[in-house]
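Chains, contacts and geometry: an overview
The lines below spell out each chain.
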Amino acid sequence: MAHQNAFLTAVLGPTNTGKTHLAVERMCGHSSGMMGFPLRLLAREIYDRVVKIKGEGQVALITGEEKIEPPGARYYCCTVESMPIEREFAFVAVDEAQLAADPERGHIFTDRMLHARGFAETMILGSESLAPLIRKLLPDAEIISRPRFSTLSYGGAKKLSRLPKRSAVVAFSVEQVYAMAETLRRLRGGCAVVMGALSPRTRNAQVAMFQSGEVDYIVATDAIGMGLNLDVRHVAFAALGKFDGVRRRRLTVAEMAQIAGRAGRHQTDGTFGTLSGEAPEMTAEEILAIEDHRFAPLEWLYWREAQPRFDNVQTLIADLELRPERPELRAAPQAIDLDVLKRLSGMPAVTDLLRGPRTVERLWEAACLPDFRQLGAEPHSRFIASLWPHLATGYGHLPHAYAAQELARLDNLQGDIATLSQRIAAVRTWTYICHRSDWLSDPPAMADRAKQLEAKLSDALHDALRQRFVDKRLSKLMRGAAKDSALLPVVIDEANRVLVDGEDIGRLDGFAFKVDASAKAADHKLFLAAAQRHLALLLRQKAREVKMAGDSDFELGADAERQPAVYFQGDLIGHLIKGRSLMTPSFRPVKSVGALDAAALQDVQSRAEAWINAQLEKHLGGIVALHNVSQDAATDASVRALAVQLAEEGGIAGRAFLSDALRALPKEARGTARKSGIVFGALDVFHHAALKPAAAKWRAALFAARDERSMPEMPPESAVHLKDWNFANIADARNAGYRKLAGEYLRIDLAERVIKKAHEARGDQAVFGLDMTFATSLGLSDAGLNALMADAGFRKADAPAETGVDSEPAAPAGLPDPAPEETDSGGQKGESNVPGNEAEPISVTTEGSNTSEIVDQAQAADQTGDTSIDQLSLPATDSAPPLTYWRWAGMRKPQPRGQKLAQDAKRGHIKRKKSGPKTNRGKDSRAAPQPAKPAAPPSSLALQLAALQELHSPKKQK
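What counts as what
Residues numbered from 1 in each chain as written. Predicted model: local features only at pLDDT ≥ 70, side-chain atom pairs only at ≥ 80, totals over all residues. Heavy atoms only, no water. Helix = DSSP H or I, 4+ residues; strand = E, 2+ residues; numbered from the N terminus. Buried < 20%, exposed > 50% of the residue type's maximum accessible area, 1.4 Å probe, protein only. Contact = heavy atoms within 4.5 Å. Areas by Shrake-Rupley, 256 points an atom, 1.4 Å probe, with all protein chains shown as cover. Disulfide = S-S within 2.5 Å. Axes fitted to C-alpha atoms, helices over the stretch in contact; angles between N-to-C directions. Parallel < 35°, antiparallel > 145°, perpendicular 65-115°, else oblique. Left-handed = near helix turned anticlockwise from the far one by under 90°. Nonpolar A, V, L, I, M, F, W, Y, C, P; charged D, E, K, R; others polar. Salt bridge = Lys/Arg side-chain N within 4 Å of Asp/Glu carboxyl O. 1 Å grid on protein atoms, 1.4 Å probe; cavity = no way out; pocket = protein on both sides within 12 Å on 5 of 7 lines; lining within 4 Å. Points joined across faces, edges and corners; volume = space filled by probe spheres on them. Phe/Tyr/Trp six-rings, centres within 6.5 Å; stacked < 30°, edge-to-face > 60°. Pairing = 2+ DSSP bridges. Core = buried A, V, L, I, M, F, W, Y, C linked by side-chain atoms within 4.5 Å. pLDDT = per-residue confidence, 0-100. Polar contact = N/O pair within 3.5 Å; in protein donor to acceptor, adjacent residues only side chain to side chain.

- Looking at an unreviewed UniProt entry, one finds the protein named Helicase-related protein and attributed to Sphingorhabdus arenilitoris.

Spelled out as structure tokens, the structure:
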């Protein structure tokens, strides 16, 4: 292909001088042409450019792993190793010719410089450092120097977090590339990754992300310095040394300049520097040389015999190890192809199949198979040895099934980046084999299959790289940190997902932003910080929505820790906490609401407090009414005192708890108390509005806030009887509106209804029959019913004998006939005047025997306003229901604490010795005989009590 009379030009200069662009224009001006490039990535880039100029049918691409050669192709873009130098072209160019000084591949560049010629024009493109050797080796060449289009200056050492946009980080190992890319993903949302090991499809996809602006950073190996044209403004070295296959050494100034020159394209200036904490500082001499593009000239180029003899293997090896005659050339170090050849020559299974120069040449072709998998000479030579029997015998073709099986084994898209990269490297090996026209019986079909598989794996690798090193959400959020952050559209969809420029970054629960679950843990703080900037406007708008919302949008409930909480449209916005009193709780907003600006926070807090006050007025109006009664100067003082005490207990209190207030309440003041809504039950005193479900829920929340404890779980609103339920304590049950009866609970008003029916059935009888249909219809068990009747002062009795005698037992001998007796103002009946009563010192009260007390109990349920109680349907029966008989025993009278301790001591079997006259006035009053009231004879109950006391007196027992 040598044409000594062809026009030979050497276009030399630093990067960004337009050398490659000039060569493409010159080639397209000829009838045919071929250009050799150092990288298949660069060959692919120029191929795409020429296709746009000449059309797809006229342009060919030939690399070791890819071959696109239309029948009418006239323009060839190739790697230097794949240049078809046996063909004739009008124009021939070799790019990056200074690589002739590379120990591994330099001899190939040297051969192309010396022998590849176009019959019309030949162009050698390279660095200024080539000029002296070109003058010596190619004296007829015209040397043209081109200046750089833009200025390249030193930008100093920068931290990775401070790199400007459109920066390229250059590393010299896969591990370092991945480490830099991962850090940039966390700091800047992502980056593109470019390495020589990537397939063209993966590389193009990664470069497209950077060029389109989807990411602002790119991490690459030194392959970026070989002519790749990228929109890079700054180049940062992650290291200044690399392993060259023999040893680890510092980069030469020319190598640094080649890489740094990628910064600044055409008229745009560029900068270069190092990464702080990663790479050492450049020396002043290196910086000055790079900025001024002054480099030491090359003293030699590597050379190896390009046309060795194939007489036998020994001759072939000897020719490949020949030394050049010219001083400007040096023998190339032993490359991997020669190393593999030597290893193959020592294998009998290989040498036994050599049959002459043709098979020796074929063996050399096999040894030149690139080690794409980077296995090393020994494993790679064994792989070639496994192919050699097929290549050296028969038609010299690898079996179709064998190649298909190997490709099928590699057809797996699962795995991480390293696994996919290894599979692509293996596929590249088979792609190279498939492009050898004489190694397979049907090379085009198998090459197409290998190409499709490489494309699939390349797409999978691109997706894996993108998933690992690019986070579109973070990228957009980090860009939002700049001045144009307000331009990014932020939308909250129907599911409360937050979309920033279409990217889902998380969920907005109320005012709290929750990072998307798929985000990495290390990115949570970045998401939260970025979301805080972008959501500020939306959160202020949401605060205005809270301010303008109706009461139906709010709800009282318990949070995950059972603390009383306020919800807005299902989202937690704050908690009820202890205030000045039970009815004046404070509202504490949750952390996300508290982080709002002052105006928005005030909108939320004031609206929540207004809603709380309105709900207390609505659902706990009875307690509010009690407070009003307690502050009304015109109301009797005893009624006011009762109202205060009842309000402090949330509108419900046990009668025993209010015994002092009830004792102090005049009889004529009870009507005033009833008019204010107070219901006097036999066991409990309550406001008629305090038993409604909403009131019970709010009461539980208020007590939980005041006492700083968890809010109890509330029973269903329609429940009147609870069997499988367990309140934490009696107070929680009372706040919910229930009375505990053995192991079950009954609503307080219904318990009073049952007691009312018992008093109605009793009349003036000591033993009476009661229809229990109503009680059992409520679901009460026998144990629960017995507990309720016992609390109300009733005990079970046997049915009276049917003798026609009145069921009321006769009065004891010597006592007058029983007669009703008035109660005192506290509901306490007059003490029985029975001499010799020294039984257990327990006061017995007959509350409810008087008509006025029974009326109090009858009104307990009627005043609640709950009509469902009166409408309870009872089972229909054809005959009279069976009766359960009870005996009125009386209720225990509330006692002072000191007296109660004495009783507890007695129940603990602490015997008390009889002594002289009692000094305790209260005990004396119970033991000493009392003169009977002349106004009325003793009642039947008093007579029964006297008889019981007489039976149990010590004198009687004697």
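**Let's talk about the overall build of the protein**
- Helix and strand counts for the protein stand at 36 helices and 37 strands.
- Taking all 958 residues of the protein together, the buried fraction comes to 49%.
- Within the protein, counting contacts between residues at least 6 apart in sequence, those at least 24 apart form 70% of the total.
- Surface summary for the protein: the accessible area is close to 45,100 Å², and the carbon and sulfur share equals 52%.

**So, the state of the cysteines**
- Scanning all chains against the criterion turns up 0 disulfides.
- As a non-bridged cysteine, C77 has C78 as the owner of its nearest cysteine sulfur, 6.9 Å distant.
- Owing to a relative accessible area of 0%, C77 belongs among the buried residues under this scheme.

**Some thoughts on unusual backbone geometry**
- Backbone geometry at E96 places phi at a positive 50°, although glycine is not the residue there.
- Assignment of secondary structure puts E96 in the loop between β6 (91-94) and α3 (106-115).

**Some points on the packing of helix α10 (residues 336-345) against helix α13 (residues 377-392)**
- Running from amino to carboxyl end, α10 crosses α13 at an angle of 60°, the nearest separation of the two axes being 9 Å. The angle between α10 and α13 places the two elements in the oblique class. The hand of the α10/α13 crossing is right-handed. Residues I336, D339, V340, R343 and L344 of α10 lie in contact with α13, whose contacting residues are A377, E378, H380, S381, I384 and A385.
- Residue composition of the contact of α10 with α13, grouped by class: 6 nonpolar, 2 polar and 3 charged.

**Some details on the pattern of salt bridges**
- By the definition in use, this model includes 43 salt bridges.
- Across the pair E69 and K67 runs a salt bridge, and its minimum N-O distance is 3.7 Å.
- In this structure, R540 engages D597 in a salt bridge whose closest nitrogen and oxygen atoms are separated by 3.7 Å. Placement of the pair is R540 in helix α19 (residues 536-548) and D597 in the loop between α20 (591-594) and α21 (598-619), with a sequence separation of 57 residues.
- On the basis of relative accessibility, which here comes to 32%, the residue D597 falls in the partly exposed class.
- Residues joined by salt bridges that share partners form a network here, namely R166, D216, D231 and R233.

**Here's the deal with empty space enclosed by the protein**
- What the rule picks out here adds up to 2 cavities of 30 Å³ or more.
- Computed from the structure, the largest cavity encloses a volume of approximately 40 Å³.
- Contributing elements (two or more residues each) for the lining of the largest cavity: α28 (748-762), β33 (767-771) and α29 (773-777).
- A volume near 30 Å³ is recorded for the second largest cavity.
- Tallied by class, residues from the lining of the second largest cavity come to 5 nonpolar, 2 polar and 2 charged.

**As for the packing of aromatic side chains**
- Counted under the stated rule, the structure contains 14 aromatic pairs.
- Here the aromatic rings of Y76 and F89 are separated by 5.3 Å at their centres, their planes lie at 65°, and the arrangement is edge-to-face. In this pair, Y76 is assigned in strand β5 (residues 75-79) and F89 in the loop between β5 and β6, connecting sequence segments 13 residues apart. Summarising the burial analysis for this pair, Y76 and F89 share the class buried.
- Each ring, one from F383 and one from W430, has its centre 6.3 Å from the other, and the planes form 85°; the classification is edge-to-face.

**Quick look at the sheet that holds strand β16 (residues 270-274)**
- Ordered by their spatial adjacency, 6 strands build an open sheet running β9-β16-β13-β10-β12-β11, and the pairing between neighbours is parallel. Both edges of this open sheet fall to β9 (152-154) and β11 (192-194), since each of them pairs with a single strand only. Each neighbouring strand pair of the sheet contributes to a mean axis angle of 25°, computed without reference to strand direction.
- Relative to β16, β9 runs parallel, the two sharing 3 bridges. Following the sheet pairing, Y154 is matched in β16 by F272.
- Sitting on the sheet, helix α5 (residues 174-188) touches β10 (167-170), β11 and β12 (217-220), and the angle it makes with β12 is about 170°.
- Those strands touched by helix α7 (residues 253-260) are β9, β10, β13 (234-237) and β16, and its axis lies near 140° from that of β13.

**Quick notes on the nonpolar core**
- Counting residues in each nonpolar core, the largest one holds 70 residues, and the members touching the most others are V169, L341 and W430.
- The element that contributes the greatest number of residues to this core is helix α16 (residues 443-469), accounting for 10 residues.
- In terms of nonpolar packing, the next biggest core, distinct from the first, is built from 56 residues, F554, L576, L658 and V685 among them.

**Side note on the confidence of the model for the protein**
- For the protein, the average pLDDT comes to 80, and 79% of its residues sit at 70 or higher.
- Long-range and interchain partners of residues 803-877, a stretch whose pLDDT sits below 50, account for 172 contacts in this model, where long-range means more than four residues apart.
- Taken together, the stretch residues 951-958 has pLDDT below 50 and engages in 7 contacts with residues farther than four places along the chain or on a different chain.

**Details of the side chain of S676**
- In this fold, S676 is placed in the loop between α25 (670-675) and β28 (678-680).
- At a separation of 2.6 Å, a polar atom in the side chain of S676 contacts the main-chain carbonyl oxygen of A673.
- When near neighbours in sequence (up to four residues on either side) are disregarded, S676 contacts V629 and H687.

**Considerations on the packing of helix α6 (residues 200-211) against α16**
- Between α6 and α16, whose axes approach to 8 Å, the crossing angle comes to 35°. Here α6 runs over α16; the crossing is right-handed. On α16, the residues touching P200, R201, T202, A205, Q206 and M209 of α6 are E454, A455, S458, D459, L461, H462, L465 and R466.
- Taken together, the residues of the contact of α6 with α16 break down into 6 nonpolar, 4 polar and 4 charged.

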